[in-house]
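Here are the chains, one letter per residue:
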Amino acid sequence: MRKWCLLFLAVFLLAGCGVETQSDEKLEDLDFTVLDVEKVPEELRNVLEEKKSEPFQVTYEDGGYLYICIGYGEQETSGYSIAVQDLYLTETAICVDTELLGPGSDENTAQSVTCPYIVLKLEYLDKSVIFE
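Values in this document were obtained by computation on a predicted structure and should not be read as measured data. (Residues numbered from 1 in each chain as written. Predicted model: local features only at pLDDT ≥ 70, side-chain atom pairs only at ≥ 80, totals over all residues. Heavy atoms only, no water.)

Asks: In this structure, what is going on with the environment of tyrosine 80? I would like to understand it.
Replies: Along the chain, the position of tyrosine 80 falls in the loop between strand S4 (65–72) and strand S5 (81–89). Classification of tyrosine 80 by relative accessible area gives partly exposed; the value is 28%. Sequence separation between tyrosine 80 and leucine 101 is 21 residues, and the spatial gap between their C-alpha atoms is 5.6 Å. Discounting residues that sit within four places of it in the chain, tyrosine 80 has contacts with Gln75, Leu100, Leu101, Gly102, Pro103, Thr114 and Pro116. (Helix = DSSP H or I, 4+ residues; strand = E, 2+ residues; numbered from the N terminus. Buried < 20%, exposed > 50% of the residue type's maximum accessible area, 1.4 Å probe, protein only. Contact = heavy atoms within 4.5 Å.)

Asks: Explain the sheet that holds strand S1 (residues 28–29) to me, please; I cannot follow it from the model alone.
Replies: Hydrogen bonding along the main chain pairs the strands of a sheet, whether they run parallel or antiparallel. Spatially, 4 strands are ordered S1-S5-S6-S8 in an open sheet, and the strand pairing comes out mixed. Edge strands, defined here as strands with exactly one partner in the open sheet, are S1 and strand S8 (128–131). For strand S6 (residues 93–101) and S8, the ladder comprises 4 bridges, and the chain directions are parallel. If you follow cysteine 95 over to S8, its bridge partner there is isoleucine 130. (Pairing = 2+ DSSP bridges.)

Asks: Honestly, the sheet that holds strand S7 (residues 117–123) in this entry has me stumped. Any pointers?
Replies: Spatially, 4 strands are ordered S2-S7-S4-S3 in an open sheet, and the strand pairing comes out antiparallel. Here the strands that pair on one side only, and so sit at the sheet edges, are strand S2 (33–34) and strand S3 (55–62). Relative to S7, S2 is paired through 2 bridges, and the arrangement is antiparallel. Looking across to S7, one finds that threonine 33 is bridged to lysine 121. Helix-sheet contacts for helix H2 (residues 42–51) involve S3, S4 and S7, and the interaxial angle to S3 is about 170 degrees. (Axes fitted to C-alpha atoms, helices over the stretch in contact; angles between N-to-C directions.)

Asks: Honestly, a negative patch on the surface in this entry has me stumped. Any pointers?
Replies: Taken together, the side chains of Asp24, Glu25, Glu91 and Glu132 present a region of like negative charge at the surface. Mapping glutamate 25 onto the fold places it in the loop between helix H1 (2–16) and S1. (Patch = residues over 30% accessible without salt bridge, like charges linked within 9 Å, V, L, I, M, F, W, Y side chains within 5 Å. Areas by Shrake-Rupley, 256 points an atom, 1.4 Å probe, with all protein chains shown as cover. Salt bridge = Lys/Arg side-chain N within 4 Å of Asp/Glu carboxyl O. Lys, Arg positive; Asp, Glu negative; His and termini not counted. Charge placed at Lys NZ, Arg CZ, Asp CG, Glu CD.)

Asks: Quick question: what am I supposed to make of the side chain of threonine 98 here?
Replies: Its place among the elements puts threonine 98 in strand S6. Side chain to side chain, threonine 98 and tyrosine 72 meet in a polar contact 2.7 Å long. Sequence-distant contacts of threonine 98, defined by excluding residues within four places in its chain, comprise Ile70, Tyr72, Ile82, Ala83, Val84 and Gln85. (Polar contact = N/O pair within 3.5 Å; in protein donor to acceptor, adjacent residues only side chain to side chain.)

Asks: Any chance you could explain the packing of aromatic side chains here in plain terms?
Replies: Here the distance between the centres and the angle between the planes together describe a pair of aromatic rings. A full pass over the atoms with the stated rule returns 2 aromatic pairs. When the centroid spacing of 6.1 Å and the interplanar angle of 55 degrees are considered together, the rings of phenylalanine 56 and tyrosine 117 count as tilted. Separated by 61 residues along the polypeptide, phenylalanine 56 in strand S3 and tyrosine 117 in strand S7 bring together distant segments of the chain. Of the residues examined, phenylalanine 56 reaches a relative accessible area of 7% and is grouped as buried. On the basis of relative accessible area, tyrosine 117 is assigned to the partly exposed category, the value being 25%. Between lysine 121 and the ring centre of tyrosine 65, over which it is positioned, the NZ or CZ distance is 4.2 Å. (Phe/Tyr/Trp six-rings, centres within 6.5 Å; stacked < 30°, edge-to-face > 60°. Lys NZ or Arg CZ within 6 Å of the ring centre and 35° of its normal.)

Asks: Would you mind going over the nonpolar core with me for this structure?
Replies: It is characteristic of soluble globular proteins that their nonpolar side chains tend to be buried jointly. Core analysis: the biggest nonpolar cluster contains 13 residues, and Ile68, Leu87, Ile94 and Val96 have the highest contact counts within it. In this structure isoleucine 68 touches Val58, Thr59, Leu87, Ile94, Val96, Ile118, Val119, Leu120, Leu122, Val129 and Phe131, once residues within four positions along its chain are discounted. In terms of nonpolar packing, the next biggest core, distinct from the first, is built from 10 residues, Leu44, Phe56, Tyr60 and Cys69 among them. (Core = buried A, V, L, I, M, F, W, Y, C linked by side-chain atoms within 4.5 Å.)

Here's what the structure looks like:
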């Protein structure tokens, strides 16, 4: 009898547990603008200046816009750029994927430390941001 009670209890508890999954299916690509540093809101610009020497991921909301900022920390030379591979909306989140591109082999670079980062501006959406 005791075995049956334990079995019943285990089945009852497991039946009550469900796995909630978040849909990561792409609903649509999002329109965005890459901002020059002088067009970034001053408060955000100050945050980026403090963080730029280390890799970072920052979001900022201001005036109906969402700013997604991604930095790759200190690099040994100039000539780096950042490509946006994807920026899209899912049911529960905004997903962003960027890539750091190094200088080309034929590109003249300066031997000075640089801190590449990118600021993406898009209309504000009340969603969390997932950095891929």
